Amino acid sequence: MKSLFRYEQKDSLLHRLDPRVKLFWLFGISVLSVVFGTPDLLAILFISTLPFWFMLKPSKSRIKAIILIFMSVLLSFTISQALFYYWAKDPLFTLVPSSFPLLGPLTGGIYFYADGAVYGLYQSFRVMASLSAAMLVIATTHPGMLIDAFVRFFEIRIAGKSYRIGIPYEIAFMVSSAVSFAPTMLEESGIILNAMQARGLELKGDVRRKAKALKYILVPLVVNILRAGRKLAIAADTRGFRANRHRTYVNELKLKRNDYIFLIYTILLTSGGLYLSYIGFGGTVPV
Amino acid sequence: MKNIGFLLLVLVIIVQPVAAQVQQEDFKPEDMTSFIIQVPHGVEGNGLAVGNSTLSAYLFFESYYDGNMNVTVDLDLPEGFVLHEASIHSFSLQTEYDNWYRLLDFYIPADMPCGVYNITAKAVVDVEGTKHTIVRTAQLEVASKEEVANEVSVSQLIVPSDEDGYGDPSHPSNTLVVQETSPALKELLKVTDLKIEKEDLTSTFMGIELTNTGNTTIPVIVTYDILDTKTGEPVKAFKPDIMGMSADTVCYATVTLSPGSSSLISLPLYISQDAMGGDYLLRVKVKLTGSDWIAVTKDQKITAISRKWGPILTTFTALLLGLTALGFFLSRSGKIMDRFKTRNLVLIALFGTVSFAAINLPMTILWELSHAIFGPFSFLFTGLFNEILLYMLIASLVVLIPKPGVISLFMMVRFLLGGFITGSFTPITFITLSVNAVILELLLYIAGVTGKNPAPDNRFRMGILCGFADMVSSYVSFSVWMILYRLFYSDWYITANILIDGFLYTFIGTWFGISLGNRLKKVAE
């Protein structure tokens, strides 16, 4: 699972693209996943992301993890809509009969509908399409570059003055600190857990005992984080962090030929999809 | 040459009368004409009527003879029947396939005894001075109303249906979707003195299955009304004027029911913009052709449902709120960020890491697992992470840094972290997190928890505030899922989630969070 969410250093077409272009593509896929209405188009949208996975040639463990993620999304949507799909008819089986004490009268009975499951199945393509695109962006973009893209998403120079649209670099610093601190924190929590168990902390038992155990782990963990955070802040301040608002960057983001081609592809894909939605393939708002 | 021309002329003069004679001698009235009588019109075979009816006898005559013929048609009705016009009609048919038809209206008195009556039509065909007579007889049964009512029935009503009358499984039965304008939008337009451009009428169909259990062909007219359940009056919104005409002129069907058969027909159903959601009574009426008497009535309760404007407006407002908040933050980012020391920023970031590691990561796996195990009650389990743990962290963070903007920064880190690590860069995540941040910020600032003289120690007050904020966020979250991803949730499920996860679990989490925050404060200072 860990490998799924990590940047994979390779030399594919997507790797070479500017992260801002990839973010724009992700935005386009997300918009289309919302506006499309027919199952065919939703499936096509999801399938449109798959060739990039083939280009990426992910490892077997990654493929397994991706399939697991997609299956879990699919299962989640299928189950929820099998239970709640409004237009469903003729339940396959009853989960909670309407005569069941308390829950029956409260819920009016809970039933499993086959047509609801099918509905959930094709609606899951909405999430899978944007999830697939987002995982591709993460797998092919170094976290540092991605943060850079967020900070300098759009930059324009007018009369010698630079105007920038993007998140403040402090946020970028916070996110990169959070990302880099995650493994340390997981390691730390393992150490605390072992230490607490060595001191006689019992993890097995009822919910109350587990909640108590959680408290014993959470408090020292957060205390350690506070201490580490303070050190990190001092280190950042001593290196001139936030000393000057108009800072410079080591990596310059500049669009190249491939970026423009991919940008045109994204614009065509998004505008074509929006047009299809406009002429009747879009999804109406449910009633 | 002159001789040849003369000879040809003589030949033509001699041959023509002979040929005519041959043709006239060959004229067979049954083969060279078609003479049809239908009583009432459209019924092949025996018709059925009740007393006090006005029917039309349909007479049709067609020539298959390549020549002139004069025809006189005489309709002979049984005694007691009243013909509204002349019984005898004369006409000429000039050539092959030339035809003539008439609908002759007649009245059957109310006191006409029941029984089978013969209606005879006689056509006298004059071809070249020779007269041929063709006689056709139709039988009309005059039955009692009880008898007819027992034979005809509406066996099935399918609402809504497709144009052939068959039901559509993707729509709930006995339910109509009305496209009513949002009440809030109506009010807004009234205030701003704007008008809505009326859209075309919405239309659907209803399928009606009619059964004739008798031995006679029964011609019927099928109509319907949609009635107000309280007043019993027809609702105009479901039968609006169509291009200046009353909807009654198009919302009917004429059917001829064969003996011992069932027929499925469809009728159009129009819904105007004025139609309101609610319960109505659909009344289908079957009249015998020619009579105003309603032979069969079938009532069915139907429900008109309107679009759920609550979630639509909520999603739209939440999206606007999220974008406005983001725009506000980006435009004043310098000022906002200057309020926080670097160590504050690092602390928020690290809390983001904890929330991600303790909530998002386990949830990636446990969410589906809990769905599979607990089914619709999985929220009781997932809420332990999503609400109790999350609000423990939020509350303790507010205790440590009681400044406006702290929650927004925390949410932003969560959003970006979730996106960077699990790929959850979705519009739904953006909308729900931004709305959650805005509401929490506003409530905590107004209540004095954050701001110039912060007072974050009151567990009860903060628990209530966070609980309320999360209830709103939960509703927004459900609305966004329903509207953007077209998902359905039962009302009980939404209510239970909002009350238990949204309020109860949040309250508990905040309560413990303040204790945690107070303990951490000592370390932080």
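Worth saying up front: this structure is predicted, and the values here are computed from it rather than measured.

Break down the overall build of chain B for me, citing the residues and quoting the values.
Looking only at helices and strands, chain B has 12 helices and 17 strands in total. Residues classed as buried in chain B amount to 40% of the 525 residues present. Long-range pairs, those at least 24 residues apart, make up 76% of the contacts in chain B between residues at least 6 apart in sequence.

Got a sec to walk through the overall build of chain A? Specific residues and values, please.
Within chain A one finds 11 helices and four strands. Counting contacts in chain A only where the partners sit at least 6 residues apart, residues at least 24 apart contribute 77% of the total.

Explain the nonpolar core residue by residue, including any values.
Counting residues in hydrophobic clusters, the biggest one holds 133 residues, and the most contacted among them are V175 of chain A together with I348, L397, F410 and V413 of chain B. With 14 residues, the single largest contributor to this core is helix 8 (residues 379–400) of chain B. The residues contacting L397 of chain B, other than those within four sequence positions of it, are I348, F351, V406 and F410 of chain B. The next biggest cluster of nonpolar side chains, apart from the first, holds 59 residues, and it includes V73, L75, I271 and V296 of chain B.

Any chance you could break down helix 10 (residues 427–446) of chain B for me, citing the residues and the numbers?
Taking 1.5 Å per residue as the helical rise, helix 10 of chain B with its 20 residues ought to reach 28 Å, and the 28 Å between its terminal C-alpha atoms agrees with that figure. Of the residues flanking the end of helix 10 of chain B, it is G448 of chain B, one or two places downstream, whose phi is positive at about 85°.

Give me the lowdown on the interface of chain A and chain B, citing residues and values where you can.
Counting residues at the interface gives 62 residues for chain A and 60 residues for chain B. Residue assignment for the side of chain A that touches chain B shows that the elements contributing at least two residues are helix 2 (19–35), helix 5 (60–84), helix 6 (103–107), helix 7 (114–140), helix 8 (143–151), helix 9 (169–198) and helix 10 (207–238) of chain A. Top contributing element to the side of chain A that touches chain B by residue count: helix 9 of chain A, with 12 residues. Counted by class, the side of chain A that touches chain B contains 43 nonpolar, 11 polar and eight charged residues.

An account of the packing of helix 9 of chain A against helix 9 (residues 406–422) of chain B is needed here, citing residue identities and associated values.
For the pair helix 9 of chain A and helix 9 of chain B, the least separation of the axes is 10 Å and the interaxial angle reads 55°. As judged from the angle between their axes, helix 9 of chain A and helix 9 of chain B are oblique. Every pair of crossing elements has a handedness; the one defined by helix 9 of chain A and helix 9 of chain B is right-handed. Where helix 9 of chain A approaches helix 9 of chain B, its residues I171, M174, V175, A178 and V179 of chain A are matched on the opposing element by M412, V413, L416, L417 and F420 of chain B.

Run through unusual backbone geometry, naming residues and quoting values.
Cis geometry is adopted by the peptide bond preceding P40 of chain B, which originates at V39 of chain B and carries an omega value of -10°. When you line up the elements, P40 of chain B lands in the loop between strand 1 (33–38) and strand 2 (47–49). Looking along the chain, the bond that leaves V159 of chain B and enters P160 of chain B is cis, with omega of -5°. Relative to the helices and strands, P160 of chain B resides in strand 10 (residues 152–161). Although it is not a glycine, K57 of chain A sits at a positive phi angle of roughly 50°.

Account for the sheet that holds strand 7 (residues 99–108) of chain B, with residues named and values stated.
All names here are of chain B. In spatial order, the strands read 1-3-7-5; together these four strands make up an open sheet with antiparallel pairing. Each edge of the open sheet is held by one strand with a lone partner, namely strand 1 and strand 5 (82–83). In the sheet, strand 1 pairs with strand 3 (residues 53–63) via six bridges, with the strands oriented antiparallel. Bridging across to strand 3, S34 finds its partner in E62.

Lay out the sheet that holds strand 13 (residues 218–228) of chain B with the relevant residues and their values.
All names here are of chain B. Taken together, the five strands give an open sheet; going across it, the order is 11-17-16-13-14, and neighbouring strands pair in mixed fashion. Because the sheet does not close on itself, it has two edges, and the strands there are strand 11 (175–178) and strand 14 (252–257). Each strand axis lies, on average, 30° off the axis of its neighbour in the sheet, ignoring direction. Sheet topology places strand 16 (residues 278–288) next to strand 17 (residues 294–306); 10 bridges connect them, and they run antiparallel. Opposite L282, over in strand 17, you have Q300 as the bridge partner.

Tell me about the packing of helix 9 of chain B against helix 10 of chain B, residues and numbers included.
All names here are of chain B. Axis separation between helix 9 and helix 10 bottoms out at 9 Å; the angle between their running directions is 165°. Here helix 10 runs roughly antiparallel to helix 9, going by the angle between their axes. You can see that helix 9 and helix 10 cross each other, and the crossing is right-handed. Together, I407, S408, M411, R414, F415 and G418 of helix 9 and T429, F430, L433, N436, A437, L440 and E441 of helix 10 make up the contact between the two elements. Of the residues in the contact of helix 9 with helix 10, the class split is seven nonpolar, four polar and two charged.

I'd like a rundown of helix 5 of chain A, residues and numbers included.
In this model helix 5 of chain A runs 36 Å from its N-terminal to its C-terminal C-alpha over 25 residues, within 8% of the 36 Å that 1.5 Å per residue would give. When we look at burial in helix 5 of chain A, the residues that qualify are R62, I69, S76, F77, T78, I79, S80, Q81, A82, L83 and F84 of chain A.

Talk me through the pairing of strand 9 (residues 130–142) of chain B; I want residue IDs and the actual numbers.
Residue and element names in this part refer to chain B. For strand 2 and strand 9, the ladder comprises three bridges, and the chain directions are parallel. Opposite G47, over in strand 9, you have L140 as the bridge partner. Where strand 8 (residues 115–127) meets strand 9, 13 bridges bridge the pair, whose relative direction is antiparallel. The residue bridging V124 from the neighbouring strand is T133, located in strand 9. Between strand 8 and strand 9, which pair antiparallel one after the other, the connecting turn spans two residues, and E128 there sits at a positive phi close to 50°.

An account of the environment of V177 of chain B is requested, with residue identities and associated values reported.
Examined against the element boundaries, V177 of chain B turns out to sit in strand 11. When the 19 C-beta atoms within 10 Å are taken as the criterion, V177 of chain B is described as partly exposed.

Outline the environment of V82 of chain B, supporting the account with residue identities and numerical values.
All names here are of chain B. Tracing the backbone through its elements, the reader meets V82 in strand 5. On the neighbour-count criterion, V82 (11 C-beta atoms within 10 Å) is exposed. Sequence separation between V82 and T54 is 28 residues; the distance between their C-alpha atoms is 9.2 Å. Discounting chain neighbours no more than four positions away, the residues touching V82 are F106, Y107 and P109.

So, the environment of S271 of chain A: which residues are in play, and what are the values?
Residues and elements named next belong to chain A. Here S271 shows up in helix 11 (residues 257–281). Here S271 falls in the exposed class, since 11 other C-beta atoms lie within 10 Å of it. Expressed as a C-alpha distance, the spacing of S271 and G28, which sit 243 residues apart in the sequence, is 8.9 Å.

Could you give an account of the confidence of the model for chain B, naming the residues involved and the relevant values?
The predicted structure's coordinates, where accompanied by low pLDDT, should not be read in detail. All names here are of chain B. Looking at chain B as a whole, the pLDDT averages 85, with 89% of positions reaching at least 70. Under a pLDDT of 50 for its full length, residues 18–23 has, in the predicted model, two contacts with residues more than four places off or in other chains. Note on the complex model: pTM 0.69, ipTM 0.85.

I'd love a proper account of the pairing of strand 13 of chain B, names of residues and values included.
Side chains on a regular strand alternate between the two faces of the sheet. Residue and element names in this part refer to chain B. Alignment of strand 13 against strand 14, held across six bridges, turns out to be antiparallel. Paired with I221 across the bridge in strand 14 is T254. Two strands pair when backbone bridges link them, and strand 13 and strand 16 are joined in this way by nine bridges, in the antiparallel orientation. When the sheet's bridge partners are listed, Y224 is paired in strand 16 with V284.

Definitions and limits used
- Residues numbered from 1 in each chain as written.
- Chains lettered and ligands numbered in written order.
- Predicted model: local features only at pLDDT ≥ 70, side-chain atom pairs only at ≥ 80, totals over all residues.
- Helix = DSSP H or I, 4+ residues; strand = E, 2+ residues; numbered from the N terminus.
- Buried ≥ 20, exposed ≤ 12 C-beta atoms within 10 Å, placed from the backbone.
- Contact = placed C-beta atoms within 7 Å.
- Core = buried A, V, L, I, M, F, W, Y, C linked by C-beta atoms within 7 Å.
- Expected span 1.5 Å × (residues − 1).
- Nonpolar A, V, L, I, M, F, W, Y, C, P; charged D, E, K, R; others polar.
- Axes fitted to C-alpha atoms, helices over the stretch in contact; angles between N-to-C directions.
- Parallel < 35°, antiparallel > 145°, perpendicular 65-115°, else oblique.
- Left-handed = near helix turned anticlockwise from the far one by under 90°.
- Pairing = 2+ DSSP bridges.
- pLDDT = per-residue confidence, 0-100.

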